[in-house]
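# Close look at the chain arrangement
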Amino acid sequence: MKNYQAPENHLKDRVILVTGASDGIGKAIAIAYAKAGATVILHGRDIERLEKLYDEIVGQGYPQPAMLPFDLNTTDEQEYRNLASVIANDLGRLDGIVHNAGVLEELTPIEHTSIKSWNKIMQVNLNSVFALTKACLPLLKEAPSASIITTSSGVGRQGRAFWGAYSTSKFAIEGFTQVLADELEGTNIRANCVNPGATLTKMRAIAFPAEDKSLLKTPEDIVPVYLYLMGDDSAEINGQSISAQG
Ligand code: NAP
């Protein structure tokens, strides 16, 4: 899967939402999906970076993307419904979501973690994934074949000291994806979870500032798994937890 080579126009005419597309792994996924023919909905908070990515995609001659600035650190269910309505009204369909946006915050013992920081990580990494999925399911049900990809981590499979809320949120995402996939079994929608593994991004640099960055995979290196899970070649794959680096 990590060496998957997508056929040309693999995602032609599909509309795919990538959260956290303004940077890191999400940005690489968005570009790869656009290159494969998809209309990508670029989500993030930083409008300047979203606009830069928009220009890059259009400049390459790929399908014109859409921009969706939205702060996932919100608990208002209506805001998620509105977001799905914007997609329905402006683009008319939705074939997939990559729930990629995430926050780490500081690495610290549970004893010293503030409730505010805990709640923020849980909201962005877990609760917003539930809220956005719930809001978008009616649209996804109308697609010929839809794929939901969530994002885990090595510490979502084995807990590690000081990774507190982040680790807990990733364990929960693994569980959420299994529950969702079981509910969707036999439908047109599948849901799978990806652990990107150590990847050269801002988040990784914050967690491991002193490591040798030349040893890390780049976001572009791990894109094949995301291409595979979004396209028809993975139509039978549901409820799996997959490591992007094998
Ligand atoms: P990154 O470079 O820090 O990018 C994070 C993205 O999430 C940005 O686009 C950011 O958008 C968005 N985001 C953060 N908070 C948000 C909020 N409140 N509302 C909306 N968007 C928000 O991180 P990354 O390394 O690419 O990580 C991507 C995913 O992979 C995360 O889920 C992470 O947990 C997971 N992961 C990464 C690694 C790794 O080694 N890099 C390993 C395992 C798992 P704005 O800046 O525009 O707000």
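## What about the layout of surface pockets?
Volume-wise, the largest pocket comes out at about 1100 Å³. Taken together, 44 residues line the largest pocket, and the ones lying closest to its centre are G102, V103, L104, T201 and M203. Sorting the residues of the lining of the largest pocket by element identifies α1 (24-35), β2 (39-44), α4 (115-141), α5 (164-184) and α6 (202-207) as the ones contributing at least two each. The element contributing the most residues to the lining of the largest pocket is α6, with 5 residues. The volume enclosed by the second largest pocket comes to roughly 230 Å³. Taken together, Y4, Q5, A6, P7, E8, N9, A32, K35, A36, V223 and L227 make up the full set of residues lining the second largest pocket. Elements supplying a minimum of two residues to the lining of the second largest pocket: α1 and α7 (223-230). Looking at the lining of the second largest pocket, its residues break down into 7 nonpolar, 2 polar and 2 charged.

## Re the packing of α1 against α7
Running from amino to carboxyl end, α1 crosses α7 at an angle of 55°, the nearest separation of the two axes being 10 Å. Relative to α7, the element α1 is oriented oblique. Both α1 and α7 take part in a crossing whose hand is right-handed. The segment α1 lies against α7, with I25, A28, I29, A32 and Y33 engaging V223, Y226, L227 and M230. Of the residues belonging to the contact of α1 with α7, the class tally is 9 nonpolar, no polar and no charged.

## Points about the site of the ligand
Around the ligand lies a shell of 32 residues, among which S22, R45, N100, Y166 and T201 are the nearest. In this structure, D71 approaches the ligand through a side-chain N or O atom, which is 2.9 Å from a nitrogen atom. Interatomic distance of 3.0 Å between a side-chain N/O atom of K170 and an oxygen atom of the ligand. Contact with the protein chains removes 93% of the 900 Å² of surface that the ligand exposes when unbound. The pocket occupied by the ligand, as judged from atoms lying within 2 Å of grid points, is the largest pocket. Mapped by element, the contributors of at least two residues to the shell around the ligand are α1, β2, α5 and α6.

## Digging into the sheet that holds β2
Spatially, the 7 strands line up as an open sheet ordered β3-β2-β1-β4-β5-β6-β7, and their pairing is parallel. Here the strands that pair on one side only, and so sit at the sheet edges, are β3 (66-69) and β7 (241-243). Strand-to-strand twist across the sheet, computed as the mean angle between neighbouring axes with direction ignored, equals 20°. By the bridge criterion, 3 bridges tie strand β6 (residues 189-195) to β7 in an arrangement that is parallel. Across the sheet, the residue bridging to C193 is S241, located in β7. Sitting on the sheet, helix α2 (residues 47-59) touches β2 and β3, and the angle it makes with β2 is about 160°. Where α5 meets the sheet, its contacts fall on β5 (146-151), β6 and β7, and the angle it forms with β6 comes to roughly 160°.

## Notes on the pairing of β5
Among the 6 residues in β5, 6 count as buried, and that is most of the element. Of the two faces of β5, the one carrying A146, I148 and T150 and the one carrying S147, I149 and T151 are both buried. Where strand β4 (residues 96-98) lies against β5, 3 bridges are found, and the strand directions are parallel. What sits directly across from I97, in β5, is I148. For the segment spanning β4, α4 and β5, crossover handedness is right-handed. With 6 bridges joining them, β5 and β6 adopt parallel strand pairing. Bridge pairing in β6 places S147 opposite R190.

Cut-offs used in this document
- Residues numbered from 1 in each chain as written.
- Predicted model: local features only at pLDDT ≥ 70, side-chain atom pairs only at ≥ 80, totals over all residues.
- Heavy atoms only, no water.
- 1 Å grid on protein atoms, 1.4 Å probe; cavity = no way out; pocket = protein on both sides within 12 Å on 5 of 7 lines; lining within 4 Å.
- Points joined across faces, edges and corners; volume = space filled by probe spheres on them.
- Helix = DSSP H or I, 4+ residues; strand = E, 2+ residues; numbered from the N terminus.
- Nonpolar A, V, L, I, M, F, W, Y, C, P; charged D, E, K, R; others polar.
- Axes fitted to C-alpha atoms, helices over the stretch in contact; angles between N-to-C directions.
- Parallel < 35°, antiparallel > 145°, perpendicular 65-115°, else oblique.
- Left-handed = near helix turned anticlockwise from the far one by under 90°.
- Contact = heavy atoms within 4.5 Å.
- Near = heavy atom within 4 Å.
- Polar contact = N/O pair within 3.5 Å; in protein donor to acceptor, adjacent residues only side chain to side chain.
- Areas by Shrake-Rupley, 256 points an atom, 1.4 Å probe, with all protein chains shown as cover.
- Sits in = over half its atoms within 2 Å of the grid points.
- Pairing = 2+ DSSP bridges.
- Buried < 20%, exposed > 50% of the residue type's maximum accessible area, 1.4 Å probe, protein only.
- Right-handed = clockwise from strand over helix to strand, strands pointing away.

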